[in-house]
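Chain by chain, the residues:
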Amino acid sequence: MHALTPKQNTRASRALLAFVGLAFASAALALTPISDDELARVQGRDGFAFNLRGFALQGPLTLRLGAADGSGLALSNFALSRSDDLAATFSDPYQLSLIKAPAVGMPDRVVLSEPLNLNGALSWQFAADLSLIDKNNSAAPNFNAGALLLQDLRSYGGSLSLAPSADPNEQGIAFGLGLRLDVGALLLRPRGRADTALFDSPGAAEQFSLRGIHLAAATADGQLGSSLWRIADLDRQPLLLNAISSPESGGFLHLNLAWPSQGQAPTGSLLIDNIAFKSDVGPSLDLGSSRIGSMQIQYLDIRLKTGP
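Given the structure is predicted, the values throughout are model-derived calculations rather than measurements.

Turning to the nonpolar core, a few remarks are in order. Residues Ile-213, Leu-215, Trp-229, Leu-270 and Ile-272 are the most contacted members of the largest nonpolar core, which totals 15 residues. Where this core is concerned, the elements lending two or more residues are strand S10 (181–189), strand S11 (207–217), strand S12 (229–232) and strand S15 (268–278). Considering each element in turn, this core owes the most residues, 4 residues, to S11.

Structure (structure tokens):
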């Protein structure tokens, strides 16, 4: 490191003072009061688009879902990545938008729209170690159940919207959700991950597999359609998340969906190309395909304990 001469030091000090003065002057010019009339003309049409090119997440992250006694299920050592459609990196992005309420008395909403992914080039890969926790079994409180893999998950224009609850008597966050998915394979490997890029890895001696999972809205004749299955809808019936506390049950997170009696919940369709068990210590079993032509979620009530 070389010391500055007195002349150089003086010049540097003057340059620094000039820069600081310019910064304060710019800040003073930027902090201009805005009148109420100007604020009233602002419309909630803001948002931005983004992409996740080259996204990957890997590390010792652990997600636990458990009961009050500590027993439950744990997913750990996550590996999550996404392939890219280089030809549509900027023309088919994710979009986060602020949408004005469609009717008087309803709140504005935030909407996350996924890429349309028309050519199916965007696909997700996921892997995690699966553990079962039993605090009542002192001899074996933790059971290593192997690995859970999700291969080639493709979403086509899915959407997630959220807003404050429109009911003034019920606090919470309301969600809308629309899904259309294709999944290459959902795999459970009790002896570990093996090669996560292969549906049938030679290193996976045992495996339960669901291959070719397709989920979308159902057509009028109960077939798999090409549009989103609207599981929840902010305008008709939202999925509500709130916190509830009572002297009897303590505190818990409440997830609730109940479609109104005067309307029908949207129908979805599910197709699984193949269901199979593979084992090197017993017979392998191929159950073939399975299909649910039409299904609805009319009512859902989940309570997650938050206190002791």
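What follows concerns the pattern of salt bridges. Scanning the entire structure with this criterion turns up 7 salt bridges. The partner of Arg-109 in a salt bridge is Asp-235, and the shortest N-O contact between them spans 3.1 Å. One end of the pair, Arg-109, is in strand S5 (residues 109–113); the other, Asp-235, is in the loop between S12 and strand S13 (239–246), with 126 residues separating them in the sequence. A relative accessible area of 10% places Arg-109 in the buried class.

Here the focus is a nonpolar patch on the surface. Together, Leu-65, Leu-73, Leu-132, Phe-143, Leu-162, Ile-173, Leu-241, Leu-253, Ile-302 and Leu-304 give the surface a local cluster of nonpolar side chains, amounting to about 800 Å² of exposed area. When you line up the elements, Ile-302 lands in strand S17 (residues 299–305).

All right, on to the sheet that holds strand S2 (residues 56–66) then. Backbone hydrogen bonds are what pair the strands of a sheet, in a parallel or an antiparallel way. With antiparallel pairing, 8 strands are arranged side by side in an open sheet as S2-S3-S6-S7-S10-S11-S15-S16. Two strands lie at the open edges of the sheet, namely S2 and strand S16 (285–295), each paired on one side alone. For this sheet the average axis-to-axis angle between neighbouring strands, irrespective of direction, equals 15 degrees. Direction of pairing for S2 relative to strand S3 (residues 72–82): antiparallel, over a ladder of 9 bridges. The residue bridging Leu-57 from the neighbouring strand is Leu-80, located in S3.

Right, let's get into empty space enclosed by the protein. For the structure on display, the rule yields 2 cavities of 30 Å³ or more. Considering only enclosed or pocket space, the largest cavity measures out at about 60 Å³ in volume. Arg-82, Tyr-94, Glu-114, Pro-115, Asn-117, Leu-122, Ser-123, Trp-124 and Ser-155 are the residues that line the largest cavity. Taken together, the residues of the lining of the largest cavity break down into 4 nonpolar, 3 polar and 2 charged. For the second largest cavity, the calculated volume is near 50 Å³. As for the second largest cavity, its lining consists of Met-106, Pro-107, Arg-109, Ala-163, Pro-164, Ala-166, Ala-174, Leu-234 and Pro-238. Looking at the lining of the second largest cavity residue by residue, the classes come out as 8 nonpolar, no polar and 1 charged.

Okay, the environment of Ser-81 next. With respect to the helices and strands, the residue Ser-81 is situated in strand S3. Here the alpha-carbon distance between Ser-81 and Leu-52, two residues 29 residues apart in the chain, equals 9.7 Å.

The next subject is the environment of Asp-69. As for its placement among the helices and strands, Asp-69 is situated in the loop between S2 and S3. With a relative accessible area of 41%, Asp-69 lands in the partly exposed category. Considering only alpha carbons, one finds Asp-69 and Asn-136, 67 residues apart in sequence, at a separation of 8.3 Å. Ignoring sequence-local partners within four residues, the contact set of Asp-69 consists of Lys-135 and Asn-136.

This paragraph deals with the pairing of strand S4 (residues 94–99). Sheet analysis places strand S1 (residues 47–50) next to S4, joined by 4 bridges and oriented antiparallel. Counted as the bridge partner of Gly-47 is Ser-97 from S4. Pairing analysis gives 5 bridges linking S4 to S5, with the strands arranged antiparallel. From the neighbouring strand, Leu-96 faces S5, where its bridge partner is Leu-112.

The calculated volume of the largest pocket comes to roughly 260 Å³. Its volume calculated, the second largest pocket comes out at about 160 Å³. What lines the second largest pocket is a set of 13 residues, among which Ala-79, Ser-81, Gln-125, Phe-126 and Thr-196 lie closest to the centre. Every element with two or more residues in the lining of the second largest pocket is listed here: S2, S3, strand S6 (124–133) and strand S7 (142–155). Looking at the lining of the second largest pocket residue by residue, the classes come out as 8 nonpolar, 5 polar and no charged.

Its identity is not glycine, yet Asn-77 carries a phi of approximately 55 degrees, on the positive side. Inspection of the secondary structure puts Asn-77 in strand S3.

What describes a pair of aromatic rings is the distance from one ring centre to the other and the angle between the planes of the rings. Tallied over the entire structure, the rule returns 5 aromatic pairs. Between Phe-50 and Tyr-94, the aromatic rings sit 5.5 Å apart at their centres with planes inclined by 15 degrees, giving stacked as the arrangement. Remark: Tyr-94 occurs in strand S4 and Phe-50 occurs in strand S1; sequence separation between them is 44 residues. We classify Phe-50 as partly exposed; its relative accessible area is 28%. In this structure Tyr-94 comes out as buried when scored by relative accessible area, which is 7%. Arranged with centres 5.4 Å apart and planes meeting at 65 degrees, the rings of Phe-78 and Phe-126 form a pair that is edge-to-face. Of this pair, Phe-78 sits in strand S3 while Phe-126 is found in strand S6, placing the two residues 48 residues apart along the sequence. Put simply, the rings of Phe-48, Phe-50 and Tyr-94 touch in pairs and so form one group of aromatic residues. Over the face of the ring belonging to Tyr-156 we find Arg-180, whose NZ or CZ atom lies 4.5 Å from the ring centre.

Basis of the calculations
Residues numbered from 1 in each chain as written. Predicted model: local features only at pLDDT ≥ 70, side-chain atom pairs only at ≥ 80, totals over all residues. Heavy atoms only, no water. Core = buried A, V, L, I, M, F, W, Y, C linked by side-chain atoms within 4.5 Å. Buried < 20%, exposed > 50% of the residue type's maximum accessible area, 1.4 Å probe, protein only. Helix = DSSP H or I, 4+ residues; strand = E, 2+ residues; numbered from the N terminus. Salt bridge = Lys/Arg side-chain N within 4 Å of Asp/Glu carboxyl O. Patch = residues over 30% accessible without salt bridge, like charges linked within 9 Å, V, L, I, M, F, W, Y side chains within 5 Å. Areas by Shrake-Rupley, 256 points an atom, 1.4 Å probe, with all protein chains shown as cover. Pairing = 2+ DSSP bridges. Axes fitted to C-alpha atoms, helices over the stretch in contact; angles between N-to-C directions. 1 Å grid on protein atoms, 1.4 Å probe; cavity = no way out; pocket = protein on both sides within 12 Å on 5 of 7 lines; lining within 4 Å. Points joined across faces, edges and corners; volume = space filled by probe spheres on them. Nonpolar A, V, L, I, M, F, W, Y, C, P; charged D, E, K, R; others polar. Contact = heavy atoms within 4.5 Å. Phe/Tyr/Trp six-rings, centres within 6.5 Å; stacked < 30°, edge-to-face > 60°. Lys NZ or Arg CZ within 6 Å of the ring centre and 35° of its normal.

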